[in-house]
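# Topology and contacts: notes
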Amino acid sequence: MTNLQETETVELKKSTSELKEGVISIVAMLNKHQRGEVWFGIRNDGAVVGQQVSEKTLRDISKAIADHVEPKIYPVIEQSAVGSRQCIRVQVEGKEYPYYAYGRAYIRVGDEDRQLSAKELENLILGKNRDRLRWDTEVCDKATIDDIGPGKLKSFLKLCGLKFDTIPNSLEKLNLIKAGRLLNAAVLCFARKPEKFFPNARLRCAVFGTLDTTVTIGMKDYYGDVFALINKAEEYILEHINIGMRLEGMLRVDVPEIDPEAFREGIINAFCHRDYREYDSVNIAIFKDRVEIRSPGLLYGGLTIDTIRKKMVSARRNELLAELFQRSHRIEKWGRGIKMILEREPATEFEEVGTVQFVATFKRKNVEAFPSISVGETTQKTTQKTTQKILELIVSNPRISRIELAAEIGITADGVKYQLDKLRKQGILKRIGPDKGGYWEIVKE
């Protein structure tokens, strides 16, 4: 056995008797990742059997690739010793996809090569051209300045430490306007009704009673700006998973069966990195044993599942949108999100489904073993979660304002004021100093 194993960019062949299949694998890997390598002399289980190597053998491989791959590629073909046996390694790179082998196009799925359908081939070609002009930086022809909600923009700028003067000037600061015309990212984030321009500015949530979709308990669609949808997705998951409890002094602390920071990161990634050219929405599916966050579009920039799990790397499909998320402290710059998810929820799985969807799956804890708590009606549950979120934000920033709390939690400033007043009456929270320039203090008994 060897350390080599088949992946989305590595194919193993026992000998050049499988040369045609090797050429097909080359094309499949180029169409998916624009790079790959094929080894002759190693079985697909990693066992090194060796390959007879001569100048003719190397020429035959080169000729097969030259004759049967379009457009042309220029592989590196070399004899390579693996242990005590001689093998052949073929390395390829190319960005002129789609590539064809023997007149057909293939795509790499896991360690297998699958022929592309006419529709998938069309999407591959469109995807290549889309990269040249990113969706989030395109002008939204039908939207005008009047479609922007000033309150949304003001709250966002405050989070970023920027001042609001006029809507056009504020959008200019964020690089969201071009020659007086709104970019798609501006509409998605700050329009009063983004769905008026983008029907896929939508979140679809569902709860299922079994391990599959045969029994639907509830389903709901939400529309709005991308930041509001992120908050809705987080609330929906918290309302439909088990909540345990621990006590910290006077306060009861809710302990969800899935770490909230982990699935919140999954939600943010779904909205930040999804393919907005696809009509589908971000979908949350809650099953008895798991929660799935489904996002339109595969991993971007040649990333693989293995790469995102093991390395802190990031390739951004929506660079401008990602910049807005970073400015508002929703994501980190260097792609640490996946690592954080796995640190908090190590059993999380990531999967690319066909050529259309990326899925993050969070495992639910055993229902019998996990102590859930009854807190009455949904309204009461939501109120308690809002209160807890306010206290957490105050702990991290005692000088946080009502407007900032409202923006973070996704409720109105009046709603925040009501909760703060209630906490003060209960003796849990105290205001030190004036409304402007003062700070909050959590009373510890």
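Up top is the structure these notes are about.
As the structure is a prediction and not an experimental result, all values here were calculated from the model.

## A closer look at the pattern of salt bridges
For the structure on display, the rule yields 29 salt bridges. One salt bridge connects Lys-32 with Glu-352, and the closest N-O pair in it is separated by 3.6 Å. On the criterion of sequence distance, the pair formed by Lys-32 in helix α1 (residues 19-33) and Glu-352 in strand β17 (residues 349-353) is long-range, its members being 320 residues apart. Given a relative accessible area of 16%, Glu-352 falls into the buried group. A single salt-bridge network, built from bridges that share partners, covers Glu-11, Lys-13, Arg-108 and Asp-113.

## Notes on unusual backbone geometry
Cis rather than trans, the peptide bond between Glu-70 and Pro-71 has omega equal to -10 degrees. Relative to the helices and strands, Pro-71 is located in the loop between β3 (69-70) and β4 (76-82). Here the residue pair Tyr-97 and Pro-98 is connected by a cis peptide bond, since its omega of 10 degrees sits within 30 degrees of zero. With respect to the helices, strands and loops of the structure, Pro-98 is situated in the loop between β5 (85-93) and β6 (100-101). A positive phi is found at Asn-175, a non-glycine position, where the angle reads about 60 degrees.

## Overview of the state of the cysteines
For the structure on display, the rule yields zero disulfides. Summary of cysteine pairing: Cys-160 is not part of a disulfide, and the nearest cysteine sulfur, belonging to Cys-189, is at 10 Å. Cys-189 provides the cysteine sulfur closest to Cys-272, a residue in no disulfide bond, and the two sulfurs are 9.3 Å apart. Since its relative accessible area comes to 0%, Cys-272 is described here as buried.

## Thoughts on the sheet that holds β6
Within the open sheet, the four strands sit side by side as β3-β6-β7-β8. Their pairing is antiparallel. Whereas interior strands pair on both sides, the edge strands pair on one side only; in this sheet they are β3 and β8 (112-115). Pairing geometry for β3 and β6, over two bridges, is antiparallel. Each residue of the ladder has a partner; that of Val-69, found in β6, is Ala-101. Along the sheet, α1 contacts β3, β6, β7 (104-109) and β8; its crossing angle with β7, the most-contacted strand, is approximately 70 degrees.

## Brief notes about the packing of aromatic side chains
Two measures describe an aromatic ring pair: the distance that separates the ring centres and the angle between the ring planes. With the rule as written, the count across this model stands at nine aromatic pairs. Connected via pairs of aromatic rings, a cluster forms that spans Phe-156, Phe-190, Phe-227 and Phe-325. Between the NZ or CZ atom of Lys-20 and the centre of the ring of Tyr-102, over which it lies, the distance is 5.1 Å. It is Arg-274 that lies over the ring of Tyr-276; its NZ or CZ is 4.4 Å from the centre.

## Some remarks on helix α4 (residues 150-160)
Within α4, burial applies to Leu-153, Phe-156, Leu-157, Leu-159 and Cys-160. Take α4 and look down its axis: the buried residues cluster within an arc of 155 degrees, on one side only.

## Section: the sheet that holds strand β12 (residues 216-223)
Sheet architecture is open: six strands sit in the order β12-β11-β15-β16-β18-β17, paired in mixed fashion. The two strands at the open ends of the sheet, each matched to only one other strand, are β12 and β17. Strand after strand, the sheet turns through a mean of 15 degrees between neighbouring axes, direction not considered. Across seven bridges, strand β11 (residues 202-208) lies against β12 in antiparallel orientation. Counted as the bridge partner of Arg-202 is Tyr-223 from β12.

## Quick look at the side chain of His-33
Tracing the sequence through the fold places His-33 in helix α1. Residue contacts for His-33: discarding those within four places in its chain leaves Glu-8, Thr-9, Gly-302, Leu-303 and Thr-304.

## Section: helix α7 (residues 226-240)
With 15 residues, α7 should cover 21 Å at 1.5 Å per step; its first-to-last C-alpha distance of 21 Å lies within 8% of that length. Taken as a whole, α7 has its buried residues at Val-226, Phe-227, Leu-229, Ile-230, Asn-231, Ala-233, Glu-234, Tyr-236, Ile-237 and Leu-238. Sitting at the amino-terminal end of α7 is Asp-225, which places a side-chain oxygen 3.0 Å from the backbone nitrogen of Phe-227.

## Points about the packing of α4 against helix α13 (residues 402-409)
Running from N to C, α4 and α13 cross one another at 105 degrees; their axes reach a closest spacing of 10 Å. With respect to their mutual orientation, α4 and α13 come out roughly perpendicular. From α4, Ser-155, Lys-158 and Leu-159 reach across to α13, where they touch Ile-403, Glu-404, Ala-407 and Glu-408. Counted by class, the contact of α4 with α13 contains three nonpolar, one polar and three charged residues.

## Concerning the nonpolar core
It is characteristic of soluble globular proteins that their nonpolar side chains tend to be buried jointly. If you look at the biggest cluster of nonpolar residues, it comprises 70 residues, and the most contacted ones within it are Leu-171 and Phe-190. Of all hydrophobic cores here, the second largest spans 28 residues; its members include Phe-40, Ile-61, Tyr-97 and Tyr-106.

## Regarding the environment of Asp-147
Locating Asp-147 in the fold gives a position in the loop between α3 (118-130) and α4. Relative accessible area serves as the criterion here: at 15%, Asp-147 is assigned to the buried category. Spatially, the C-alpha atom of Asp-147 lies 49 Å from that of Lys-72, the residues being 75 residues apart in sequence. Apart from residues lying up to four places away in sequence, Asp-147 is in contact with Lys-142, Phe-190, Ala-191, Arg-192, Lys-196 and Phe-197.

About the cut-offs
What you see as residue numbers is a count from 1 along each chain, following the sequence as written. The predicted nature of this model means local features are confined to residues of pLDDT at least 70 and side-chain atom pairs, given and counted, to a pLDDT of 80 or more, with totals for whole chains, interfaces and linings taken over all residues. In computing side-chain properties, one takes all heavy atoms of the structure into account and sets aside hydrogens as well as water. What makes a salt bridge here is a side-chain nitrogen of Lys or Arg within 4 Å of a carboxyl oxygen of Asp or Glu, nothing more. Helix and strand assignments come from DSSP, with helices taken as H or I runs of at least 4 residues and strands as E runs of at least 2, each series counted from the N terminus. Three exposure classes are used, based on accessible area relative to the maximum for each residue type with a 1.4 Å probe and protein chains only: buried under 20%, partly exposed in between, and exposed over 50%. The disulfide criterion used throughout: a pair of cysteine sulfur atoms within 2.5 Å. For two strands to count as paired, DSSP must find a minimum of two bridges between them. Only heavy atoms matter for contacts: two residues are in contact if any of them lie within 4.5 Å across the pair. In this analysis, axes come from line fits to C-alpha atoms, helices being fitted only over the stretch in contact, and the angle between any two N-to-C directions falls in the range 0 to 180 degrees. Centre distance within 6.5 Å is the pairing criterion for rings of Phe, Tyr and Trp, where only the six-membered ring of Trp is used; planes under 30 degrees apart are then read as stacked, over 60 as edge-to-face, and the remainder as tilted. Our definition puts a charge over a ring when NZ of Lys or CZ of Arg is within 6 Å of the ring centre and also within 35 degrees of the ring normal. Arc, as used here, means the arc of the directions from the helix axis to the C-beta atoms. In this analysis, the expected span of each helix is defined as 1.5 Å times one less than the number of residues it contains. In the analysis that follows, any N or O atom pair within 3.5 Å is treated as a polar contact, provided that within protein one partner can donate a hydrogen and the other can accept it, and provided that, for residues neighboring in sequence, both atoms belong to side chains. If an angle is under 35 degrees, it is roughly parallel; if it is over 145, roughly antiparallel; if it lies from 65 to 115, roughly perpendicular; otherwise it is oblique. By the convention adopted, Pro, Cys, Tyr, Trp, Phe, Met, Ile, Leu, Val and Ala count as nonpolar, Lys, Arg, Asp and Glu as charged, and the other residues, Gly among them, as polar. The nonpolar core is taken to be a set of buried Ala, Val, Leu, Ile, Met, Phe, Trp, Tyr and Cys residues, with the residues joined through side-chain atoms within 4.5 Å.

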